[in-house]
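Fold and geometry: a report
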Amino acid sequence: HGTSKINGQGHLEIGGVDATKLVAEYGTPLYVFDETLVRERCREFVDAFRASGLKFQVAYASKAFCVMAMCRIVEEEGMSLDVVSDGELYTALQAGFPAERIHFHGNNKTIDEIEMAIDAKIGCFVVDNFIELQMLNAIAGEKRQKVKILLRITPGVEAHTHEYISTGQTDSKFGFDLGNGSAFRAVEEASKLSHLELLGIHSHIGSQIFEVEGFRMAAEKMASFAVQVRQEIGVTFKVINLGGGFGIRYVNEDTPLPVSVYVKAITDAIKDNFGRNEYPLPEIWVEPGRSIVGDAGTTLYTVGTSKDIPGVRKYVSVDGGMTDNPRPALYEAVYEAMLANRASEEPTEVVSIAGKCCESGDMLIWDLNLPKVNSGDVLAVSCTGAYNYAMASNYNRIRRPGVVFVSEGQSDLVVKRETFDNIVGNDLIPARMKQVS
Ligand code: LLP
């Protein structure tokens, strides 16, 4: 998919660059991003919203993959950016991302984070709870500023997804509950606070969602809430943000719809529901993360040892694992992979791909069909662009891999591989212990 293909030498090629060349130049493990595909995904969202005729913002949820070069792409594609911590905010600002297009999320923003974001003059805060509402108003007041906000609503829509990553139900740490009246009270309170400008409401119903139904239901609930609020207290929302969660294809059995179908379902639902109530059509914001970067990422590994247990299973180990991709261990996520240096060979054996961490749970892929694997082969795991680098760790003191963008035959390193100095750089030996010379 994307610009990936098998070249004349039988090697996987991404963005016009031979994967074995990338390995020779940058080493493994290595995250490779098909920049053309990332930009295509961005444009699919933007074009689909343009076609709707509604006002909109597509805010890339940077939690999926947040590095400075990625912020640049998002900026160039004319989108907004959603951040959830001072670290993501800092990354965006360092990359020169326009502050007014940044939205700040999170259920426990600290005073320091709020101050940093107000000082940077970001576009909008998505307020999660009553304590934050008061705190934000107070801090904005001290700084003699008026800050724009959305209120995060828990709409009680349960998306069909893995239970650890669904956030739309009532029993959730996020947001003001629609069902028990706290969302209504939040609107009343927010509209009275003089240093806040209430733009509207936000919901996020989960992640890796395939059906349009959840988005349609959320849009409906948001609309009827908006209508109720307008009738009862005369507050009109200018913005409805429906979050992210658009699914992607990790393996063949996954059945995501084209981006344009999700967007059309959402914009149609908004037009129907608000239109029917003679409500001025709000701006629609969304926050895709995974669907922007997920399928554009490939991780390249070098195959090392293997262990054949006759009649049971063959383990093949690679030079990375749960440190660069914790999703299989964390969510039982499934991935597909191929041998990048022998991409046109037919599969002849079934193997399971293990990482190099010191624990049995460190498995990347179970039961993968591959040609007879040799040590030194290059394994390419696809669809690793979202929540892989972002969730990577230094477990076992393993250095995090580098990240490369490829496009039209060119490769650029956008994150350097970590060094041993990065590993021990923050360590201190107390003075009372014997010092190393
Ligand atoms: N907006 C909000 C408020 C969110 O909480 C999220 C994701 C998004 C947008 C972006 O959702 P996306 O379009 O990427 O599905 N680590 C998990 C995913 C956690 C998603 C958390 N929130 C994983 O690896 O699957």
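Refer to the structure presented above.
Everything in this summary refers to the structure shown in the same document. (Residues numbered from 1 in each chain as written. Predicted model: local features only at pLDDT ≥ 70, side-chain atom pairs only at ≥ 80, totals over all residues.)

A closer look at the overall build of the chain
Here is the rule: Each helix is a run of H or I in the DSSP string that is no shorter than four residues. Each strand is a run of E no shorter than two, and both are numbered from the N terminus. Here, residues touch in the contact sense if the C-beta positions derived from the backbone fall within 7 Å of one another.
In terms of helices and strands, the chain carries 12 helices and 21 strands. Along the longest, intermediate and shortest principal axes, the C-alpha atoms of the chain span 70 × 60 × 40 Å. Here the analysis covers contacts within the chain between residues at least 6 apart in sequence; of these, 69% occur between residues at least 24 apart.

Digging into unusual backbone geometry
Looking along the chain, the bond that leaves threonine 28 and enters proline 29 is cis, with omega of -10°. Relative to the assigned elements, proline 29 resides in the loop between helix H1 (19-26) and strand S4 (30-34). Non-glycine residue glutamine 208 carries a positive phi angle of around 55°. Mapping glutamine 208 onto the fold places it in the loop between strand S11 (196-202) and helix H8 (213-233). Phi angles above zero are rare outside glycine, and glutamate 332 is one such case at about 55°. Looking at the secondary structure, you find glutamate 332 in the loop between helix H11 (327-331) and strand S16 (337-339).

Describing the site of the ligand
Going by this rule: To decide nearness, the C-beta atom of each residue is placed from the backbone, and the residue is near a molecule or strand if that atom lies within 6 Å of it. The nonpolar class holds Ala, Val, Leu, Ile, Met, Phe, Trp, Tyr, Cys and Pro. Asp, Glu, Lys and Arg form the charged class, and all remaining residues, Gly among them, are polar. The domain boundaries here were taken from an automatic or database domain assignment.
Lining the immediate environment of the ligand, one finds 21 residues, of which Ser207, Gly244, Gly289, Arg290 and Tyr387 sit closest. Classifying every residue of the shell around the ligand by side-chain character gives eight nonpolar, nine polar and four charged. Formed jointly, the shell around the ligand draws a minimum of three residues from each of two domains, domain 1 (5-33 + 294-424) and domain 2 (35-291).

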